[in-house]
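For reference, the chains in residue letters:
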Amino acid sequence: MSVETIEKRSTSTVRKPAPRYRVLLHNDDFNPMEYVVQALIQTVPSLTQPQAVNIMMEAHNSGIALVITCAMEHAEFYCETLKNHGLTSTIEPDE
């Protein structure tokens, strides 16, 4: 009787985190500030009112503001939802 040894190879894989994207809000001169704050809160439920006010003010003063950084699918959803509220929004890869 012979005994055979079988070697098991390690097949662990390294998972890379999904790329993240930045959702940006652009300033506009058409919508009231209060409306922009409410649209931000409705679109991104994790935002508090003070955070939404800060984002709105940054976009107002600088021309553009970071809303949130997240996975691409969420970023696309947030961007489109902001656009549906009449706001100008874009996404870009987070570097």
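Above this text you will find the structure in question.
About the cut-offs
- Residues numbered from 1 in each chain as written.
- Predicted model: local features only at pLDDT ≥ 70, side-chain atom pairs only at ≥ 80, totals over all residues.
- Heavy atoms only, no water.
- Helix = DSSP H or I, 4+ residues; strand = E, 2+ residues; numbered from the N terminus.
- Buried < 20%, exposed > 50% of the residue type's maximum accessible area, 1.4 Å probe, protein only.
- Contact = heavy atoms within 4.5 Å.
- Areas by Shrake-Rupley, 256 points an atom, 1.4 Å probe, with all protein chains shown as cover.
- Salt bridge = Lys/Arg side-chain N within 4 Å of Asp/Glu carboxyl O.
- Polar contact = N/O pair within 3.5 Å; in protein donor to acceptor, adjacent residues only side chain to side chain.
- Expected span 1.5 Å × (residues − 1).
- Arc of directions from axis to C-beta.
- Pairing = 2+ DSSP bridges.
- Axes fitted to C-alpha atoms, helices over the stretch in contact; angles between N-to-C directions.

Participant: Explain the overall build of the protein chain to me, using residue names and the numbers behind them.
Facilitator: Along its length, the protein chain carries three helices and three strands. Helices and strands appear in the protein chain in the N-to-C order β-α-α-β-α-β. Within the span of the protein chain, comprising 95 residues, buried residues form 29% of the whole. For the protein chain, contacts bridging at least 24 residues in sequence account for 69% of all contacts bridging at least 6. Accessible surface computed for the protein chain: about 7,200 Å², of which carbon and sulfur atoms make up 52%.

Participant: Account for the pattern of salt bridges, naming residues and giving values.
Facilitator: In the structure shown here, the tally under the stated rule is two salt bridges. Its salt-bridge partner being Arg22, residue Glu92 comes within 2.0 Å of it at the nearest N-O pair. Of the two residues, Glu92 sits in strand S3 (residues 88–93) while Arg22 sits in strand S1 (residues 20–26), which places them 70 residues apart along the sequence. For Arg22, a relative accessible area of 27% corresponds to the partly exposed category. Taking the shortest distance from any N to any O, the salt bridge between Lys83 and Glu80 comes out at 3.9 Å.

Participant: A description of the side chain of Ser89 should follow, citing residues and the corresponding values.
Facilitator: Relative to the elements of secondary structure, Ser89 occurs in strand S3. A polar contact of 2.9 Å, which involves the side chain of Ser89, links it to the backbone oxygen of Leu24. The contact partners of Ser89, leaving out residues within four places of it in the chain, are Val23, Leu24, His26, Cys79, Leu82 and Lys83.

Participant: Tell me about the environment of Gln51, and name the residues and values.
Facilitator: With respect to the helices and strands, Gln51 occurs in helix H2 (residues 49–62). Residue classification places Gln51 among the partly exposed residues on the basis of a relative accessible area of 37%. Separated by ten residues in sequence, Gln51 and Ile41 have C-alpha atoms that sit 9.0 Å apart.

Participant: Tell me about helix H3 (residues 72–84), residues and numbers included.
Facilitator: Compared with an ideal rise of 1.5 Å per residue, which puts 13 residues at 18 Å, H3 spans 18 Å between its outermost C-alpha atoms and is within 8% of the ideal. Buried within H3 we find Ala75, Tyr78, Cys79, Thr81 and Leu82. Seen along its axis, H3 keeps its buried residues to an arc of 165°; they face one direction. For H3, exposure combined with an orientation more than 90 degrees from the buried face picks out Glu73, Phe77 and Asn84. Those residues of H3 that are buried are in contact with S1, helix H1 (33–43), strand S2 (64–71) and S3.

Participant: Which residues make up the sheet that holds S3, and what values go with them?
Facilitator: Pairing within the open sheet is antiparallel, and its three strands lie in the order S2-S1-S3. Across the chains shown, the open sheet's two edge strands, defined by having one partner strand only, are S2 and S3. Across the sheet, the mean angle separating the axes of adjacent strands is 25° when strand polarity is ignored. The sheet contact formed by S1 and S2 spans seven bridges and is antiparallel. Within the sheet, the bridge partner assigned to Val23 lies in S2 and is Ile68. Most of the contacts of H3 go to S2, to which it runs at about 140°, and overall it touches S1, S2 and S3.

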